[in-house]
Amino acid sequence: MKITPENFEKYTILTVEGRVDATTAENFYTQTAEFLEKDNKPLLLDFSNLEYISSAGLRSVLKIAKNCQTKHLFFACFALQKPVADVFKFSGFNTIIKIFADKDSAIASLTC
């Protein structure tokens, strides 16, 4: 798993690559929480290069979403590949996490 940040004036995009599973979920959460703490800006997760997410990964996403909610910061995911989108759908996470088809629609939805 690799996370690549893009910092903009009003938001941060973190591109997540590889797999977020039981082995990498805690590292994913820790790295993402560090960016959130440092920048304190709306956070968008780019999942276009995320191949797989497990229930442990979903828990990490939920913890990140709760951190953003506590700080009154916008949070969303975008560009989910079909296997990842299916996990979000089957788990019901697509109803509690904002998900957008692409980067442009996610940015357009920001409530900064």
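Preceding this section is the structure that the text describes.
Since we're looking at a predicted model, the values are computed, not measured.

About the thresholds
Note that residues are indexed from 1 along each chain, following the sequence as it is written. Where totals are concerned, whole chains, interfaces and linings use all residues; where local detail is concerned, this predicted model gives features only for residues with pLDDT of at least 70, and gives and counts side-chain atom pairs only at 80 or more. Note that the side-chain values use all heavy atoms of the structure and ignore hydrogens as well as water. A carboxyl oxygen of Asp or Glu within 4 Å of a side-chain nitrogen of Lys or Arg is what we treat as a salt bridge. The helix count covers DSSP runs of H or I at least four residues long, the strand count covers runs of E at least two residues long, and both are numbered beginning at the N terminus. Exposed residues in this analysis have more than 50% of their type's maximum accessible area, buried residues have under 20%, and partly exposed residues fall in between, with area computed by a 1.4 Å probe over protein chains only. By definition, residues are in contact when any of their heavy atoms lie within 4.5 Å. Identification of polar contacts relies on pairs of N or O atoms within 3.5 Å, with a donor-acceptor requirement for protein atoms, meaning one able to donate a hydrogen and the other able to accept it, and with residues adjacent in sequence counted only if both atoms are side-chain atoms.

Counted by the stated rule, this structure contains four salt bridges. We note a salt bridge from E6 to K103, for which the minimum N-O separation is 3.9 Å. On the criterion of sequence distance, the pair formed by E6 in strand β1 (residues 2-7) and K103 in helix α4 (residues 103-108) is long-range, its members being 97 residues apart. Accessibility expressed as a relative area gives 30% for E6, which makes it partly exposed. Here R19 ties to D21 by a salt bridge, and the two come within 3.4 Å at their closest N and O atoms. Assessed through its relative accessible area of 15%, D21 is described here as buried.

With that settled, the discussion passes to the side chain of T12. Note that T12 resides in strand β2 (residues 12-20). The buried category is assigned to T12, whose relative accessible area is 2%. Sequence-distant contacts of T12, defined by excluding residues within four places in its chain, comprise E6, N7, D39, K41, P42, L43 and L44.

Relative to the helices and strands, T24 is located in the loop between β2 and α1 (25-39). Take T24: its relative accessible area is 17%, and that puts it in the buried class. Here R19 takes part through its backbone oxygen, which lies 2.9 Å from a polar atom of the side chain of T24. Engagement of the side chain of T24 in a polar contact is seen with the backbone nitrogen of D21, the distance being 3.0 Å. Setting aside its immediate chain neighbours within four residues, T24 contacts M1 and R19.

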